[in-house]
Amino acid sequence: MVAVPREADTLRALVGTLRSELAAGQSAFRARFERVGDSRRMLAARARAVDDALRRLWVAVGLPRSVALVAVGGYGRGELYPASDVDVLFLLPAEVTPDTIARLEQLVGLLWDIGLDIGHSVRSVTQCVEESARDITVETTLLEARLLAGSRKLFRELTGTLEARRDPGAFFKAKRLEQDERHQRFQETPYSLEPNCKESPGGLRDLQVIQWIARASKLGATWSELAARGLITAAEARQLSRVERFMRDTRVRLHLISRRREDRLIFDHQEAMAAAFGLGATPNRRASEVFMQRYYRSAKTITQLNTILLQNISAALFPAADGALMPINERFQSSRELLDVVDEQVFEREPGALLECFTLLQRHSELKGMTARTLRALWRARRLIDAKYRRDPKNRALFLSLFQQTRGLVHEIRRMNQYGILGRYLPAFGRIVGQMQHDLFHVYTVDQHILQVMRNVRRFTMSEHAHEYPLLSRLITGFERRWLLYLSALFHDIAKGRGGDHSQLGMRDASQFCRQHGLTADDAELVVFLVEHHLSMSSVAQKQDLSDPDVIRDFARVVRSERRLTALYILTHADIRGTSPKVWNAWRGKLLEDLYFSTLRVLHGDGAHASGSGDRQEEARHLLRYFGLRDGVEKAFWSRLDTVYFMRHEPDEIAWHTRMLYFQVDTETPVVKARPNQVGDGLQVMVYAPDQLDLFMRLCGFFGRLGYTIADAKIHTTTDGHALDSFVLLDPNRHLNSRDMIALIETGLVERLQARMAPEQPLAGRLSREVRHFPISPSIVIKPDERRQHHIMHVTAADRPGLLYSVARVLAAHDIKLHTAKITTLGERAEDVFLISGAVLENSATLIRLEQELLGELAVS
């Protein structure tokens, strides 16, 4: 469409008028906000001003009545931040003329001309419905659609169709997955030194997720309506309103100060933000620190209430088929896979339960968290932890036992910090919660940095992370009482901000703790040493000449023993990696490793240093000599393997694989060997073949067709691209002859792999009674590793025939490469860990779709 001169003049004049009016309005809104401080009123006023401008241009351009102009997203909600995009949908009927398209294009140009940052889409009702079915972001955007101009009938058709097709349960699950993925991008903490007030955990988006889910589920549109439904208390509704206003004010002021769409509270703006909120410096803290602690308190409240609301909404949307409670002890029970107090006065009656509840979560892997009423009771009762409580030997033993459990330490310490328990039990820790660190390295508050360091130490013990830290994994595997390392991590920075040397002050805190909690003299000495010297190894490695023998000898005199050296090496790695993802690099790693081995040689006194072979390799060598193989025959095969392989296989397995493969390591022909399981019933099967994208799926299908269940699987890829996979197969019906099946597996599987036959669907089986009556909610957690080269996928589900095949089929369908896998079946519960890579893992939208597909496969019907 080309406007005639008079129409063009009219449009130019209108554009100039609207541009001036919007600019004047923005100035007026800002002045009124700074005078009155009502951010909600400002956002609504700006949305109304833009509404008016869009409607006037719509009329001026002359769009037909069959088309609709729709506000979506935050603009549809009637909230338009000072620098936010204006998101609109041009909703089209099924048939559209070229003239209509030309007018729409002209309108988009005019919207930019009046000074708006426009985000627009052009779709029919059918296209909107299709897109919302594929993409949860589109569905969410359309949830808040608001008609601005044009066809009301077409708009009603859109909203009616979307509402009729909307599945509240599926929407809830998708938004929860989306929130989990977003939290992972921000390291699952609100306590970054430069948090994003919109997207970080504890930010505005966590509140909006609740509002979207509640709206989609027709549970309420306001906090008070959710309270009326019993999903939160009236006091919690008031809390939510307060923190929502603070976060809204924060984002508005941030846009005004930065003069652009900036949602990160970067250091450059924090002092100005404090001034905008009327906050000044104190004798001990900058104004920016006062403001940020207020921000962190609000974010903490949001994360707490987000957890409670999501639990309660989940219970409303997915009522349990069997509401039976399973007793754990006199104080706690299991409810819907959550830890629940038997009544809300448990903590008042028995304050020791304040620590006990966290140890129960560690010991019961089937529990996924705490019920909403338990979290509320825990928060209310936190003040029961006083000096008398801390002196009680039973409470001291309970607290120490947290560090000695085999699982769940980092999760529970984080939860204790989130609900104020950790800071009450350790007042020194309470003083550093939310404390800023103004340096070039740290990106977290002091408390969150400490928790990151504890997490890193814990990761060194986990086989799924061994590919990232092979030497550290090897060292910590042989370290006795490794819980002392977690304790040292907790105390290493606990004295920051007091003035003076925090290493010396923290050493005194650690010494007092060890004495009060009954640690042996040797254990206490190690913890105190690590806290005092936690910066020493990094300083020597990076600032001194490691080629100078005197430097190494001096450092050896500091550490004095191999155990202390190894512990300090592990803690130093964890500490540096916990400052910021950007601080660690291969150069620092090489310096630390050189210092470690040089010092080790001095401590040994004979120039010896760690060989890197490990106890399992040595034992496997002895077994090979027992079978008559000459010395060194394993070298060609073992050179293709890494630390992960040796961590995950027993010496007997390593020796068996070596005997079967040492003379044919370069073969392109698949090698399949089977033998009776050396421990218990069933068979052990080894498969060695050039790697294929769908190999794991083929193997799972083949074993399933034979009637076997996979009790354990260890998937490995050699350095030259061969798959080396080990399986333990069980015959659930006990009707297969092992001798016959070994021959069938060794010949039949080789034939299928050579011919690249299509994967075989496993035989269908029946679910156990336990799974039918006590279902296990499936869980998928996919996170990038620290180098962001691979992703680690944790799968938890009820075990059933064909489960692994279903997972493998989805991975293969998305071209996801499987590098390693650790399959564990605990009774009826499958807990599997996969190291994977693929393009779909790098995009949030495709990653969420993958998680949804996997959850769909894992669901027990």
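Residues numbered from 1 in each chain as written. Predicted model: local features only at pLDDT ≥ 70, side-chain atom pairs only at ≥ 80, totals over all residues. Heavy atoms only, no water.

### Some remarks on the overall build of the protein
Thinking step 1. A tally of regular secondary structure across the protein gives 39 helices and 15 strands.
Thinking step 2. Computed over its C-alpha atoms, the radius of gyration of the protein comes to 31 Å, within 12% of the 29 Å expected for a compact globule of 861 residues.
Thinking step 3. Projected onto its principal axes, the C-alpha coordinates of the protein cover approximately 100 × 70 × 60 Å.
Thinking step 4. Buried positions account for 55% of the 861 residues belonging to the protein.
Thinking step 5. Here the analysis covers contacts within the protein between residues at least 6 apart in sequence; of these, 71% occur between residues at least 24 apart.
Thinking step 6. With an accessible surface of roughly 37,800 Å², the protein has 50% of that area assigned to carbon and sulfur atoms.
Thinking step 7. Mean positive and mean negative side-chain charge positions of the protein (118 and 107 charges, respectively) differ by 6 Å. (Helix = DSSP H or I, 4+ residues; strand = E, 2+ residues; numbered from the N terminus. Rg over C-alpha atoms; globule rule 2.2 N^0.38 Å. Buried < 20%, exposed > 50% of the residue type's maximum accessible area, 1.4 Å probe, protein only. Contact = heavy atoms within 4.5 Å. Areas by Shrake-Rupley, 256 points an atom, 1.4 Å probe, with all protein chains shown as cover. Lys, Arg positive; Asp, Glu negative; His and termini not counted. Charge placed at Lys NZ, Arg CZ, Asp CG, Glu CD.)

### Observations concerning helix 12 (residues 267-276)
Thinking step 1. Residues His269, Gln270, Met273 and Ala274 constitute the buried set of helix 12. End-on, the buried residues of helix 12 take up no more than an arc of 145 degrees, which puts them together on one face. Seen from the buried face of helix 12, the exposed residues on the opposite side, beyond 90 degrees, are Asp268 and Ala275.
Thinking step 2. In this fold, the buried residues of helix 12 make contact with helix 11 (234-258) and helix 13 (287-317).
Thinking step 3. A positive backbone phi angle near 75 degrees is found at glycine 278, which sits one or two residues after helix 12. (Arc of directions from axis to C-beta.)

### A word on the packing of helix 18 (residues 393-404) against helix 19 (residues 409-418)
Thinking step 1. Direction vectors running N to C along helix 18 and helix 19 enclose 135 degrees, while the axes themselves pass 8 Å from each other. Judged by the inter-axis angle, helix 18 sits oblique to helix 19. Judged by residue contacts, Phe399, Leu402 and Phe403 of helix 18 engage Leu409, Ile413 and Met416 from helix 19.
Thinking step 2. Broken down by class, the residue content of the contact of helix 18 with helix 19 amounts to six nonpolar, no polar and no charged. (Axes fitted to C-alpha atoms, helices over the stretch in contact; angles between N-to-C directions. Parallel < 35°, antiparallel > 145°, perpendicular 65-115°, else oblique. Nonpolar A, V, L, I, M, F, W, Y, C, P; charged D, E, K, R; others polar.)

### Focus on the packing of helix 12 against helix 13
Thinking step 1. One way to put it is that helix 12 packs onto helix 13 with a least axis distance of 8 Å and a crossing angle of 80 degrees. Relative to helix 13, helix 12 is oriented roughly perpendicular. Two secondary-structure elements touch here, helix 12 through Gln270, Glu271, Met273 and Ala274 and helix 13 through Ala287, Ser288, Phe291 and Met292.
Thinking step 2. In terms of residue class, the contact of helix 12 with helix 13 is built from five nonpolar, two polar and one charged.

### Topic: the sheet that holds strand 4 (residues 146-150)
Thinking step 1. Spatially, 3-2-1-4 is the arrangement adopted by the four strands of the open sheet, whose pairing is mixed. Each having just a single partner strand, strand 3 (118-124) and strand 4 make up the two edges of the open sheet. For this sheet, the mean angle separating the axes of adjacent strands, direction not counted, is 25 degrees.
Thinking step 2. Direction of pairing for strand 1 (residues 68-71) relative to strand 2 (residues 86-92): antiparallel, over a ladder of four bridges. By the bridge assignment for strand 2, alanine 71 is matched with valine 88. (Pairing = 2+ DSSP bridges.)

### Quick look at the packing of aromatic side chains
Thinking step 1. In the structure shown here, the tally under the stated rule is 22 aromatic pairs.
Thinking step 2. With a centroid separation of 6.0 Å and an interplanar angle of 70 degrees, the aromatic rings of phenylalanine 399 and phenylalanine 513 are classed as edge-to-face. With phenylalanine 399 in helix 18 and phenylalanine 513 in helix 25 (residues 502-516), this pair connects stretches of sequence that are 114 residues apart.
Thinking step 3. Phenylalanine 399 sits in the buried class, given a relative accessible area of 0%.
Thinking step 4. What makes phenylalanine 513 buried here is its relative accessible area of 3%.
Thinking step 5. Between the aromatic rings of phenylalanine 491 and phenylalanine 513, the centroid separation amounts to 5.1 Å while the plane-to-plane angle is 55 degrees, which identifies the pairing as tilted. (Phe/Tyr/Trp six-rings, centres within 6.5 Å; stacked < 30°, edge-to-face > 60°.)

### Quick notes on the side chain of arginine 251
Thinking step 1. Here arginine 251 shows up in helix 11.
Thinking step 2. Of the residues examined, arginine 251 reaches a relative accessible area of 5% and is grouped as buried.
Thinking step 3. Setting aside anything within four residues of it in sequence, one finds arginine 251 in contact with Tyr81, Ser84, Cys197, Lys198, Leu204 and Asp263.

### Structural notes on the side chain of asparagine 456
Thinking step 1. Considering the arrangement of structural elements, one finds asparagine 456 in helix 22 (residues 446-460).
Thinking step 2. Note on asparagine 456: relative accessible area 1%, which makes it buried.
Thinking step 3. In this view, asparagine 456 contacts Ala574, Arg577, Gly578 and Glu786; residues no more than four positions away in its chain are not counted.

### Examining the confidence of the model for the protein
Thinking step 1. When pLDDT is averaged along the protein, the result is 91; 95% of the residues meet or exceed 70.
Thinking step 2. Overall, residues 607-613 carries pLDDT values under 50, and its contacts beyond four positions in sequence, including any with other chains, amount to 13 contacts. (pLDDT = per-residue confidence, 0-100.)

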